[in-house]
Amino acid sequence: DYPFTTLTPQLGVVGSPGWGDPFVLADLPGLIAGAAAGAGLGTRFLRHAERCRVLVHLVELSALDEAGDAAEDLATVERELEAFDPELARRPRLVVGSKADAAVEERRRQLRAAAEERGLRYLEISSATRSGLDALQVEIRRLLAEARAAEEAAGGEGGDDEPLVGAES
C-alpha cells in the first residue's frame, strides 16, 4: 500500500492450472537514484536482479504528493541497472503501471509514452480490482519463453530456478 515498503526481496512461485509451467517471481525493493552506488538498499538487492531472465518495471500510476514524472521514474531505474551491470539493461523487459484503478491520467500517458519510446510492451494492473493480472502473466510467460529460447540458441545453461524480477519505482 505504501511506496518503498518492500525492504527485502520476496520470492514466490506463480502457477495456475492450465497456464503452463510455474515460474519464480522475485519482488525487489524499488530503485532510487544512486542505488548502484549503494544508496538506499542499493547493491544488496541489485545482485538479485542479476539472476533474473526478465525484468518487470512496476511504476505506480496513482497520485502521490511527491509523485513526479512517470517517465523519469522509469529512466531512474534504467540508469541504475546500467550503472550496476550494463548487461541487466539489455535483458527482456516489460513496463507495468500499477494501481491503475487510481491512476492519474498524466502519469499514465507519461509511462505509456516512455515504454513506446523504448519499444517495450506496456501493461496496467490493479491489485485492488485484479484487473490486468491475467494479461501480465501471459506477457511474462511469453518473455520467459523467448529468453529461454535465446539462451538455448546461444548454448547457455540458464536453470529453471532463475526468477523474474518485479522492480518497483
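The rules we used
- Along every chain, residues carry numbers that run from 1 in the direction the sequence is written.
- Per-residue local features of the predicted model are confined to residues with pLDDT of at least 70, and side-chain atom pairs are confined, for both listing and counting, to 80 or more; whole-chain, interface and lining totals are unaffected and use all residues.
- Each side-chain value is derived from all of the structure's non-hydrogen atoms; neither hydrogens nor water enter the calculation.
- Numbering of helices and strands runs from the N terminus; a helix is a DSSP stretch of H or I covering at least four residues, while a strand is a stretch of E covering at least two.
- In this analysis, two residues are considered to be in contact whenever any of their non-hydrogen atoms come within 4.5 Å of each other.
- The accessible surface values rely on the Shrake-Rupley method and a 1.4 Å probe; as for residues, cover is taken only from the protein chains in view.
- The quantity known as pLDDT measures the predictor's confidence residue by residue, on a range of 0 to 100.
- For this analysis, a nonpolar core means a set of buried residues of the types Ala, Val, Leu, Ile, Met, Phe, Trp, Tyr and Cys, connected via side-chain atoms within 4.5 Å.
- The buried label applies to any residue whose accessible area, calculated with a 1.4 Å probe on protein chains only, is under 20% of its type's maximum; exposed applies above 50%, and partly exposed to all values in between.
- Helix span, expected: 1.5 Å multiplied by one less than the number of residues in the helix.
- Think of each axis as a best-fit line through the C-alpha atoms, taken over the contacting stretch in the case of a helix, with angles from 0 to 180 degrees between the N-to-C directions.
- Roughly parallel refers to an angle under 35 degrees, roughly antiparallel to one over 145, roughly perpendicular to one between 65 and 115, and oblique to any angle outside these ranges.
- We define a polar contact as two N or O atoms separated by no more than 3.5 Å, with the added condition that, inside protein, one atom must be a possible hydrogen donor and the other a possible acceptor, whereas residues neighbouring each other in sequence contribute only through side-chain atom pairs.
- For two strands to pair, DSSP has to find at least two bridges joining them.

Quick look at the overall build of the chain now. Summing up its helical and strand segments, the chain has four helices and six strands in all. What you see in the chain, going N to C, is helices and strands ordered as β-β-α-β-α-β-α-β-α-β. When contacts within the chain are restricted to residue pairs at least 6 apart in sequence, long-range pairs at least 24 apart make up 73% of them. Carbon and sulfur atoms form 51% of the exposed surface of the chain, whose accessible area is close to 8900 Å².

With that settled, the discussion passes to the confidence of the model for the chain. A residue-level look at the chain finds 74% of positions with pLDDT of 70 or above and a mean pLDDT of 80. Of all secondary-structure elements in the chain, the lowest mean pLDDT belongs to strand β6 (residues 164-168), at 49, while strand β5 (residues 121-124) reaches the highest, 97. Long-range and interchain partners of residues 165-169, a stretch whose pLDDT sits below 50, account for 25 contacts in this model, where long-range means more than four residues apart.

Judged by nonpolar contacts, Phe-23, Val-54, Val-56, Leu-94, Val-96, Leu-123, Ile-125, Leu-136, Ile-140, Leu-143, Leu-144 and Ala-147 together constitute the single largest core of 12 residues. Residue assignment for this core shows that the elements contributing at least two residues are β4 (93-98) and α4 (133-153). No other element matches the five residues that α4 contributes to this core. Membership of the second largest hydrophobic core comes to 11 residues, among which are Leu-61, Ala-70, Ala-114 and Tyr-122.

The next subject is α4. For α4, with 21 residues, the first-to-last C-alpha span of 30 Å sits near the 30 Å given by 1.5 Å per residue. Among all positions in α4, only Leu-136, Gln-137, Glu-139, Ile-140, Arg-141, Leu-143, Leu-144 and Ala-147 are buried. Following α4 by one or two positions, Gly-155 adopts a phi angle in the positive range, close to 80 degrees.

Helix packing for two helices is described by the angle between their axes and how far apart those axes are. Direction vectors running N to C along helix α2 (residues 70-84) and helix α3 (residues 105-117) enclose 45 degrees, while the axes themselves pass 7 Å from each other. In terms of orientation, α2 lies oblique with respect to α3. In this structure, α2 uses Ala-70, Ala-71, Asp-73 and Leu-74 to contact α3, whose residues at the interface are Arg-107, Gln-110, Leu-111 and Ala-114.

Before going further, it helps to examine unusual backbone geometry. The phi dihedral of Lys-99 falls on the positive side, at around 60 degrees, and the residue is not glycine. One can find Lys-99 in the loop between β4 and α3. With a phi angle near 65 degrees, Arg-130 is a residue other than glycine that sits in the positive phi range. Structurally, the position occupied by Arg-130 is in the loop between β5 and α4.

A word on the side chain of Arg-108. Structurally, Arg-108 is set in helix α3. Note on Arg-108: relative accessible area 15%, which makes it buried. A polar atom in the side chain of Arg-108 sits 2.8 Å from the side chain of Glu-124. Look past the residues within four positions of Arg-108 in its chain and what remains in contact with it is Leu-61, Ala-100, Ala-103, Tyr-122 and Glu-124.

Take the pairing of β4 next. The element β4 is extensively covered by neighbouring structure, given that six of its six residues are classed as buried. With burial as the criterion, each face of β4 is covered, one bearing Arg-93, Val-95 and Gly-97 and the other bearing Leu-94, Val-96 and Ser-98. Relative to β4, strand β3 (residues 55-60) runs parallel, the two sharing six bridges. Across the sheet, Val-59 pairs through a bridge with Gly-97, a residue of β4. Across four bridges, β4 lies against β5 in parallel orientation. Residue pairing across strands places Gly-97 opposite Glu-124, the latter belonging to β5.

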